Amino acid sequence: MDCIFCKIIKKEIPADTVLENEHAVVFKDINPKAPVHLLVVPRKHIATLNDVKENDEELAGKILLTAKEAAKKEGISESGYRLQINVGEGGGQEVFHLHIHVMGGSE
Ligand code: 5GP
Ligand code: ZN
């Protein structure tokens, strides 16, 4: 499958990885829109939030917790941050592998 995020997860192409766990990999966005801009990417290839199924409930919860952990690790927990999921072309999604944007830091 020709998916850039799957390739990053498999380490076929490099990324600035912040943390990894059983469910997800977190790396820095290549074109940051905030001083800290991370992408939380589930290891499982799911194209969009619309494709998340009932039995992906655990994964859905884990990626949210992973976003929180990554924010803490990057030092933006206390100052605050925001999460964003773009869904579909009309929602501004460019990479069709589900991901949560984590954005924060002083601007
Ligand atoms: P989307 O618009 O799909 O929600 O966001 C995709 C994000 O992935 C964009 O913010 C873009 O900068 C980032 N991105 C695209 N290709 C790469 C890549 O090869 N490496 C990294 N680290 N980020 C990427
Ligand atoms: Zn993928």
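Everything discussed here concerns the structure shown above.
Residues numbered from 1 in each chain as written. Chains lettered and ligands numbered in written order. Predicted model: local features only at pLDDT ≥ 70, side-chain atom pairs only at ≥ 80, totals over all residues. Heavy atoms only, no water.

So what's going on with the coordination of the zinc ion (ligand 2)? Which residues, and what values?
At this site the zinc ion (ligand 2) is bound by Cys3 (SG), Cys6 (SG), His45 (ND1) and His97 (ND1), with donor distances of 2.0 to 2.3 Å. Its four donor atoms give the zinc ion (ligand 2) angles of 103 to 116° at the centre, a pattern that matches the tetrahedral case. Sequence positions of the donors to the zinc ion (ligand 2) reduce to the motif C-x2-C-x38-H-x51-H. One end of the pair, Cys6, is in helix H1 (residues 4-9); the other, His97, is in the loop between strand S4 (81-84) and strand S5 (100-104), with 91 residues separating them in the sequence. In this pair, the class of Cys6 matches that of His97, namely buried. (Donors = N, O, S within 2.8 Å, 3.2 Å for Na, K, Ca; no water. Tetrahedral: all angles 85-135°; square planar, octahedral: opposite > 155°, others 65-115°. Helix = DSSP H or I, 4+ residues; strand = E, 2+ residues; numbered from the N terminus. Buried < 20%, exposed > 50% of the residue type's maximum accessible area, 1.4 Å probe, protein only.)

Outline the site of ligand 1, listing residues and values.
If you check the shell around ligand 1, you find 17 residues, and the closest are Asp29, Glu94, Val95, His99 and His101. The backbone of Ile30 places a nitrogen or oxygen atom 3.3 Å from a nitrogen atom of ligand 1. A distance of 2.8 Å is found between an oxygen atom of ligand 1 and a side-chain nitrogen or oxygen belonging to His99. Looking at the shell around ligand 1, the elements with two or more residues in it are H1 and strand S2 (24-28). (Near = heavy atom within 4 Å. Polar contact = N/O pair within 3.5 Å; in protein donor to acceptor, adjacent residues only side chain to side chain.)

Kindly report on the packing of aromatic side chains, identifying the contributing residues and their values.
Applying the stated criterion across every chain, the model contains one aromatic pair. Their ring planes at 80° and their centres at 5.4 Å tell us that Phe5 and Phe27 sit as a pair that is edge-to-face. Here Phe27 lies in strand S2 and Phe5 lies in helix H1, a separation of 22 residues in the sequence. Phe5 sits in the buried class, given a relative accessible area of 7%. (Phe/Tyr/Trp six-rings, centres within 6.5 Å; stacked < 30°, edge-to-face > 60°.)

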